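Descriptive analysis of the structure
Each chain, letter by letter, is given below.
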Amino acid sequence: MQDFGAAFGEAFRLLVSLDPDLVEIVALSLRVSLGAVLAAAAIGLPIGAALAVARFPGRGVALVALNSLMGLPPVVVGLLVYLALSRAGPLGPLGLLYTPAAMMIAQMILVVPIIAAVSRQTIEDMKEEYEEQLRVLGVGPSGMVATLLWDARFSLLTALLAGFGRAIAEVGAVIIVGGNINHVTRVMTTAIALETSKGDLALALGLGLILLGLAITVNAAVMLLRRTAGHAAFA
Amino acid sequence: MQLSPDRPARPAGTGGHVLPVRATGVTIRRGGRALLDGIDIGIEPGPLTVIMGPNGAGKSLLLRVLATLVRPDAGVVTWGGTMPDRGRAPQLGFVFQKPVMLRRSAIDNVRYALKAAGVPRGERDRRAAEALAAAGLERLAGSPARVLSGGEQQRLAIARALATGPEVLLLDEPTANLDPAATLAIETQVQAAHRAGTTVVFVTHDLGQARRLADDVAFVHHGRVAERTPAHRFFSAPSSEAATAFIEGRLIP
Ligand SMILES: Nc1ncnc2c1ncn2[C@@H]1O[C@H](COP(=O)(O)OP(=O)(O)OP(=O)(O)O)[C@@H](O)[C@H]1O
Ligand SMILES: [Mg+2]
């Protein structure tokens, strides 16, 4: 228990002194997860918009599949990405295994279904409301999608933040495809797992506090967005 | 009411007339029931036509078919004698019973419609401001459209529909949930547009309103046009049994 108190003290010292190792780990985490979310948005938003607007056979199955994919276990995604990127795998020649790029890919796969599913729901609800009005104004299909995306932008940003929250907190996938290599692929979650198992609680606690702070920040941002949008009657 | 010669200027890039708007033999069936039953109706340039009829008669459906929001199971709708196309949609203004406000300011709602109609960017600000002023909404130009009152929203919806200078304006019970003052404001707005040369089709249940507005009346009953009669005759001597009962406040056979 007195270890624990000392660890807390040391954790605060690391945070306050901006310990270079800690800063490096946090920076890599942010870089990987932000990159993953941006890539996931580039893929997930068009998928969500297309599913919201288009009517085609098999759409119901696609929606069920998408909603199930939201619950993908990170370790399974890690394993699949590992298989794809490993030397014998189809993407082996790219040499991405155990790089930040591999971690980005894994997190992106975890986040795409969230963004696609949430944006599909958001856009479809708004389409229900807007469609006939836009049609009588002579707006065509592409103009309609653009309008829906723009007018739903606050809700869609909320989906991106939720995706970021999942990516940054995720450990199972990045530890498999990143390998938790010091100074190369060590991110907050994998560092916490490793340092805790080694008994070095100070760094683990320091990173844990930052992770917690990020989670609170993301949620606060979501609330603030909702409120701003509500006030402006844009929600 | 006379058709004045100074019709609103046509927006650029939307060639061709939508008038006359015509439905020929239009039938819509749902669940084995004919909601519209071989309707023939033509909207010619000029008059303010009021469509009346009891609840569920098919008035809203008819309006939506004329605007090509619903495709008929049989029969055709033509605009200006040809098949309707999206390029001419801005020439046919449409106002829903419950106004749909886009998530932006009042004036941006109007700018949006102008842009959709292909009005050049440089003209949009001026025309949007003019449309709001004509509706008495200039004070609310910067307000988010969705916080406006019901009456203000409906006036904005009409201003937005009129901003592109449509040949014809279709309104589906635009005053159904409004108080007398807001109703009067909307009647004034619609009459001004009509005097300026816009052909108007106005759906209402309200006999008083129909008397105030109508040049002619189409009475819809059971998915058919029971009669189409000039206003001065309709209210005193309707030709159909259904319209007679409606005007006398009796149950319609
Ligand atoms: N999509 C639909 N599917 C099935 N029935 C429909 C559909 N749309 C309308 N109806 C039915 O068609 C009939 C006519 O509806 P419509 O809304 O045109 O009536 P209305 O004359 O506008 O009535 P009100 O005065 O109450 O507005 C109603 O019986 C309605 O239930
Ligand atoms: Mg109706």
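Every residue gets a number counted from 1 within its own chain, in the order that chain's sequence is written. Key to labels: chains lettered from A, ligands numbered from 1, both in the order written. Selection of residues for local features in this predicted model requires a pLDDT of at least 70, selection of side-chain atom pairs for listing and counting requires 80 or more, and totals for whole chains, interfaces and linings are taken over all residues. The side-chain numbers reported here are obtained from all heavy atoms of the structure, hydrogens and water having been left aside.

What about the overall build of chain A?
Within chain A one finds 10 helices and 0 strands. Helix numbering and strand numbering both begin at the N terminus, where a helix is a DSSP run of H or I of at least 4 residues and a strand a DSSP run of E of at least 2. Counting helices and strands in the order they occur from the N terminus, chain A gives α-α-α-α-α-α-α-α-α-α. If you line up chain A on its principal axes, its C-alpha atoms span 70 × 50 × 25 Å. The burial tally for chain A puts 44% of its 235 residues in the buried class. For chain A, the proportion of contacts with a sequence separation of at least 24, taken over those separated by at least 6, is 75%. A total accessible area of about 11,300 Å² is found for chain A, and carbon and sulfur atoms account for 72% of it. A simple rule labels every residue: compare its accessible area, found with a 1.4 Å probe on the protein chains alone, to the largest value its type can have, and call it buried under 20%, exposed over 50%, or partly exposed in between. Contacts are assigned to residue pairs with any non-hydrogen atoms lying within 4.5 Å of each other. All accessible-area figures derive from a Shrake-Rupley calculation using a 1.4 Å probe, and residue coverage is judged against the displayed protein chains alone.

Looking at unusual backbone geometry
All names here are of chain B. Omega for the bond connecting Leu19 with Pro20 falls within 30 degrees of zero, at -5 degrees, which places this linkage in the cis form. The phi angle at Thr68 is positive, at roughly 60 degrees, despite the residue not being glycine. As for its placement among the helices and strands, Thr68 is situated in the loop between helix H1 (59-66) and strand S4 (74-79). Even without being a glycine, Glu173 presents a positive backbone phi close to 40 degrees. Along the chain, the position of Glu173 falls in the loop between strand S6 (168-172) and helix H5 (180-195).

Considerations on empty space enclosed by the protein
Cavities and pockets are defined on a 1 Å grid built over the protein atoms alone: a cavity is a set of grid points where a 1.4 Å probe fits but cannot escape, while a pocket is an open set with protein on both sides within 12 Å along at least five of seven lines, and lining residues are those with an atom within 4 Å of any such point. Grid points are joined across faces, edges and corners, and a volume is the space filled by probe spheres set on the points. Inspection of every chain in the model, using the stated rule, returns 2 cavities of 30 Å³ or more. Roughly 50 Å³ of volume is contained in the largest cavity. Along the walls of the largest cavity sit A:Val136, A:Leu137, B:Ala89, B:Pro90, B:Leu92, B:Gly93, B:Phe94, B:Arg160, B:Ala161 and B:Thr164, which together make up its complete lining. Of all elements in the fold, only strand S5 (92-95) and helix H4 (150-163) of chain B reach the threshold of two or more residues within the lining of the largest cavity. Sort the elements by how many residues they give to the lining of the largest cavity and S5(B) lands first, with 3 residues. Under the scheme applied here, ten amino acids are nonpolar (Ala, Val, Leu, Ile, Met, Phe, Trp, Tyr, Cys and Pro), four are charged (Asp, Glu, Lys and Arg), and all others, including Gly, are polar. A per-class count over the lining of the largest cavity returns 7 nonpolar, 2 polar and 1 charged. A volume near 40 Å³ is recorded for the second largest cavity.

A word on the nonpolar core
Residue and element names in this part refer to chain B. In these notes, a set of buried Ala, Val, Leu, Ile, Met, Phe, Trp, Tyr and Cys residues joined through side-chain atoms within 4.5 Å is what counts as a nonpolar core. Met52 and Leu156 are the most contacted members of the largest nonpolar core, which totals 47 residues. By residue number, the principal contributor to this core is H4, which donates 7 residues. In contact with Leu156, other than residues within four places in its own chain, are Met101, Ala106, Asn109, Val110, Leu132, Leu137, Ala145 and Leu148. Residues Val18, Ile39, Leu63 and Leu69 belong to the second largest nonpolar core, which totals 32 residues.

What about the UniProt feature "transmembrane region" (unreviewed entry) in chain A?
Residues and elements named next belong to chain A. Mapped onto this numbering, the UniProt entry annotates "transmembrane region" (unreviewed entry) at residues 32-54, 61-85, 97-118, 154-181 and 201-225. The span residues 61-85 shows a helical share of 84% and a strand share of 0%, and its end C-alpha atoms are spaced 29 Å apart. Between the end C-alpha atoms of residues 201-225 there is a gap of 36 Å, over a span that is 100% helix and 0% strand. UniProt positions are given in the numbering used here, feature names are shortened, and annotations may be inferred rather than shown by experiment.

Structural notes on the pattern of salt bridges
Salt bridges, as used here, are contacts in which a Lys or Arg side-chain nitrogen is within 4 Å of a carboxyl oxygen on Asp or Glu. This structure, assessed with the given rule, holds 21 salt bridges over all chains. A salt bridge links A:Glu124 to A:Arg59; its shortest N-O distance comes to 2.7 Å. Within this pair, whereas A:Glu124 is found in helix H5 (residues 100-136), its partner A:Arg59 is found in helix H3 (residues 59-69), the two being separated by 65 residues in sequence. A salt bridge links B:Glu123 to B:Arg127, with the shortest nitrogen-to-oxygen separation between them at 3.5 Å.

A closer look at the UniProt feature "domain: ABC transmembrane type-1" (unreviewed entry) in chain A
Cross-referencing UniProt, the feature "domain: ABC transmembrane type-1" (unreviewed entry) maps to residues 26-222 of chain A in the present numbering. Within the segment residues 26-222 of chain A, helix and strand shares are 79% and 0% respectively, and the terminal C-alpha atoms sit 22 Å apart.

Brief notes about helix H2 (residues 106-116) of chain B
Every buried residue of H2(B) is accounted for by B:Ala106, B:Ile107, B:Asn109, B:Val110, B:Tyr112, B:Ala113 and B:Leu114. Packing partners of the buried residues in H2(B) comprise H5 and helix H6 (141-151) of chain A together with helix H3 (121-134) and H4 of chain B. B:Gly118 sits one or two residues past H2(B) and shows a positive phi near 80 degrees.

Overview of the site of ligand 1
All names here are of chain B. Close to ligand 1 lie 13 residues; Asn55, Gly56, Lys59, Ser60 and His205 are nearest. Each polar contact in these results corresponds to two N or O atoms within 3.5 Å; when the atoms are within protein, one needs to be able to donate a hydrogen and the other to accept it, and residues that are neighboring in sequence are counted only if both atoms are side-chain atoms. Within the backbone of Gly56, a nitrogen or oxygen atom sits 2.8 Å from an oxygen atom of ligand 1. In isolation ligand 1 exposes 640 Å². Once the protein is present, 62% of that is buried. Of all the elements in the fold, those that place two or more residues in the shell around ligand 1 are strand S2 (33-43) and H1. The greatest single-element share of the shell around ligand 1, amounting to 3 residues, is contributed by H1. In the shell around ligand 1, the residues fall into 4 nonpolar, 5 polar and 4 charged. Near is defined per residue: the residue qualifies when any heavy atom it owns lies within 4 Å of the molecule or strand.

A closer look at the interface of chain B and chain A
How big an interface is tends to be stated in terms of accessible area lost as the parts join. Taken together, the contact between chain B and chain A spans 22 residues of the former and 21 residues of the latter. Here chain B packs against chain A, burying approximately 2,000 Å² in sum over the two surfaces, 55% of which is carbon and sulfur. The term buried area refers to how much accessible surface (probe radius 1.4 Å) is lost by two components on association, counted for both of them together. Considering only the side of chain B, the residues that lose the most area to chain A are B:Leu69, B:Arg103 and B:Tyr112, jointly responsible for 33% of the buried surface there. Counting across the chain B and chain A interface gives 4 salt bridges. One salt bridge in this structure joins B:Arg146 and A:Glu129, with 2.9 Å as the shortest N-O distance. For the interface between chain B and chain A, the tally reads 9 residue pairs in polar contact (both at pLDDT 80 or more). For the side of chain B that touches chain A, the elements supplying multiple residues, two or more each, are S5 and H2 of chain B. In terms of residue count, the dominant contributor to the side of chain B that touches chain A is H2(B) (3 residues).

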